[in-house]
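Fold and geometry: a report
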Amino acid sequence: QVQLVESGGGLVQAGGSLRLSCAASGGTFSSYTMGWFRQAPGKEREFVSAITWTGTNTYYADSVKGRFTISRDNAKNTVYLQMNSLKPEDTAVYYCAAAFLITVAVTRPSEYDFWGQGTQVTVSS
């Protein structure tokens, strides 16, 4: 069983930056593809970004490409999401998720085995 704890959310003005962290415990972190998803009020959970367990491939939703960067530190069992040039439409609860050894279909929430509780990101205009 893998436990995931997100941190780093908060309130920021449009154009600002935040870095989300997701600390994992209870499993072999380096064997998990890690993803970030978000859910805004009244909307479905959507894919934001993912990094494969090999660390060699990263994926981004079109809406965040060029603004967000995902990275992982296997020594610290942590995945990060650096968010720059934030927009009000980025406001959502951001969730970290882990999927064992997958390298395909990383944008599908159903592929992920474990989820964190989420961290709120609010971007004011």
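This text follows the structure it describes.
Not measured: the values here are computed from a predicted model.

We now examine the nonpolar core. Judged by nonpolar contacts, the single largest core of 37 residues is most densely connected at Leu4, Met34, Trp36, Val79, Leu81, Met83 and Tyr94. With 6 residues, strand 9 (residues 92-100) is the largest single contributor of residues to this core.

For Ile102, the location among the structural elements is in the loop between strand 9 and strand 10 (114-115). Judged by its relative accessible area of 13%, Ile102 is buried. With residues near it in sequence (within four places) discarded, Ile102 still touches Thr33, Thr52, Trp53 and Glu111.

With that out of the way, let us pick up the packing of aromatic side chains. What the rule picks out here adds up to 6 aromatic pairs. Seen in terms of ring centroids, Phe37 and Phe47 are 5.7 Å apart; in terms of plane orientation they differ by 75 degrees. Their pairing is edge-to-face. Of this pair, Phe37 sits in strand 4 (residues 32-39) while Phe47 sits in strand 5 (residues 46-51), placing them 10 residues apart in sequence. Owing to a relative accessible area of 13%, Phe47 belongs among the buried residues under this scheme. Cluster of aromatic residues (ring-pair linked, three or more members): Phe37, Phe47, Tyr112 and Trp115.

With that settled, the discussion passes to the sheet that holds strand 1 (residues 3-7). Taken in spatial order, the 4 strands line up as 1-3-8-7 in an open sheet, and their pairing is antiparallel. Each edge of the sheet is formed by a strand with only one pairing partner; in this case those strands are strand 1 and strand 7 (68-73). If you compare each strand with its neighbour and ignore which way they point, the axes differ by 15 degrees on average. One ladder, built from 5 bridges, connects strand 1 with strand 3 (residues 18-25); its direction is antiparallel. Bridge assignment links Leu4 to a residue of strand 3, and that residue is Ala24.

What follows is about a nonpolar patch on the surface. On the surface, a nonpolar cluster with roughly 270 Å² of combined accessible area is contributed by Trp53, Phe100 and Leu101. With respect to the element layout, Leu101 can be found in the loop between strand 9 and strand 10.

This part takes up unusual backbone geometry. Phi at Asn77 takes a positive value of approximately 55 degrees, unusual for a residue other than glycine. Position of Asn77 relative to the elements: it lies in the loop between strand 7 and strand 8 (78-83). Judged by relative accessible area, which is 27%, Asn77 ranks as partly exposed. Backbone geometry places Ser85, a non-glycine residue, at a positive phi of 50 degrees.

Cut-off values and rules
Residues numbered from 1 in each chain as written. Predicted model: local features only at pLDDT ≥ 70, side-chain atom pairs only at ≥ 80, totals over all residues. Heavy atoms only, no water. Core = buried A, V, L, I, M, F, W, Y, C linked by side-chain atoms within 4.5 Å. Buried < 20%, exposed > 50% of the residue type's maximum accessible area, 1.4 Å probe, protein only. Helix = DSSP H or I, 4+ residues; strand = E, 2+ residues; numbered from the N terminus. Contact = heavy atoms within 4.5 Å. Phe/Tyr/Trp six-rings, centres within 6.5 Å; stacked < 30°, edge-to-face > 60°. Pairing = 2+ DSSP bridges. Axes fitted to C-alpha atoms, helices over the stretch in contact; angles between N-to-C directions. Patch = residues over 30% accessible without salt bridge, like charges linked within 9 Å, V, L, I, M, F, W, Y side chains within 5 Å. Areas by Shrake-Rupley, 256 points an atom, 1.4 Å probe, with all protein chains shown as cover. Salt bridge = Lys/Arg side-chain N within 4 Å of Asp/Glu carboxyl O.

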